[in-house]
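Architecture at a glance
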Amino acid sequence: MRRLLPITALVALAACHSQPKIDNADALINESAAVKDHAPQAVTLTAPDGVAVYGTYYPASNARALILLFHQAGSSKDEYVSIAPQLQRAGFAALAIDQRVGGGLYGTNQTMAGHKGKAEDYLSALPDLEAALAWAKDKAQGRPILLWGSSYSASLVFLVAASKSAEGSVKGVLAFSPGEYFEDKNMVENAAAKLTIPVFVTSANTLQEEQEAKAILSATKSTDRQQFIPKAGVHGSSTLIAAKNPGGADDNWQAVLAFLKRVAP
C-alpha cells in the first residue's frame, strides 16, 4: 500500500510548482510594458516652408542619444524599419522621416503623397531635415543629437550639421554613401569643412563611392573622423539590412555601433 504524503508536504509541493507560474506572469507583464514603451510612434512635423513631414519615432529608455534617420532617393522612412529597432536595442532613440524627395522603395512615402507641387530636386528636401532637427531639440532633453543620412541625404546631413541651427546640439554625423550630388560640386565639401564634430562615413564597394566619401571626410576639421570601408557593402543605409547585404550587414553594424557608443557612451 502506497504511503500518503503529510498534508504539509503536499502544500509545500504545490507551492513549489505554482511559484514559477507567478514569476512567468510577472515577466510577461514587464516584457509587455517594455514593448509598449518602445513601440514606434507616428509623428507629423511642419517644415519651415509649411510642408507636412511624416515620420516614425522609435523611443528608447534612458537613451544615449537621439538619432535622426534620413532616407535615400526613391525611398521613405521605412528604409529604417529594421534598422531603427536595432538602434533601440543598443540604447538609442531614433526618428525616421519621409522626405519630399523619395518614393516607394521600402514603403509609402507619406510626405510625398501629401505634398502637391512640381518635381523636386535633392536640395528641396533640406527643409524636411531642418524640421526634424527642430523637433529633436525639444525631444532630446539635452541628450546628444546625431544626424544619419543615406545617399543624397548623406550629403544633406553635412549641410544641416554646418548650419547655425545645429550649433551646440548636433554631436555627430553618420553618412552612408555621401557624394557631391548637387549642382554645386563643392557644396558638400564646403559644408564638411566647417565641422569639428565626430564623423563616420561608409559606402558601397566601388572606387567612386569610396573616393567621394574620402574627399568629403577629409574636408572636415574633426579629430574623430572615420571612413569605414566594408568587406561587403551596398549603397546607402541598405548596407545594414541583411536582406540587401547578406554578406556584410553584420560586420557593418559592428563598425557603426562602435562609433555610436564612442560618441554617445
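Residues numbered from 1 in each chain as written. Predicted model: local features only at pLDDT ≥ 70, side-chain atom pairs only at ≥ 80, totals over all residues. Heavy atoms only, no water.

Quick notes on the overall build of the protein chain
Looking only at helices and strands, the protein chain features 8 helices and 8 strands. Among the 265 residues that make up the protein chain, the fraction classed as buried is 49%. Total accessible area on the protein chain is roughly 13,200 Å²; 55% of this is exposed by carbon and sulfur atoms. (Helix = DSSP H or I, 4+ residues; strand = E, 2+ residues; numbered from the N terminus. Buried < 20%, exposed > 50% of the residue type's maximum accessible area, 1.4 Å probe, protein only. Areas by Shrake-Rupley, 256 points an atom, 1.4 Å probe, with all protein chains shown as cover.)

Re the side chain of T202
In this fold, T202 is placed in strand β7 (residues 199-202). For T202, the side chain forms a polar contact with the main-chain oxygen of F228, separated by 2.7 Å. Sequence-distant contacts of T202, defined by excluding residues within four places in its chain, comprise A175, F176, S177, P178, F228 and P230. (Polar contact = N/O pair within 3.5 Å; in protein donor to acceptor, adjacent residues only side chain to side chain. Contact = heavy atoms within 4.5 Å.)

Points about the packing of aromatic side chains
For any pair of aromatic rings, geometry is given as the distance between the ring centres together with the angle between the planes. Applying the stated rule across the entire model yields 8 aromatic pairs. When the ring of Y122 is compared with that of Y181, the centres are 6.4 Å apart and the planes differ by 80 degrees; the resulting orientation is edge-to-face. Residue Y122 is located in the loop between α3 (110-114) and α4 (126-139), and its partner Y181 is located in the loop between β6 (170-176) and α6 (187-192); the two are separated by 59 residues in the primary sequence. Under the relative-accessibility criterion, Y122 is labelled partly exposed at 30%. Given a relative accessible area of 26%, Y181 falls into the partly exposed group. What links up through ring pairs into an aromatic cluster is the set Y80, W148, F176, F200, F228 and F259. (Phe/Tyr/Trp six-rings, centres within 6.5 Å; stacked < 30°, edge-to-face > 60°.)

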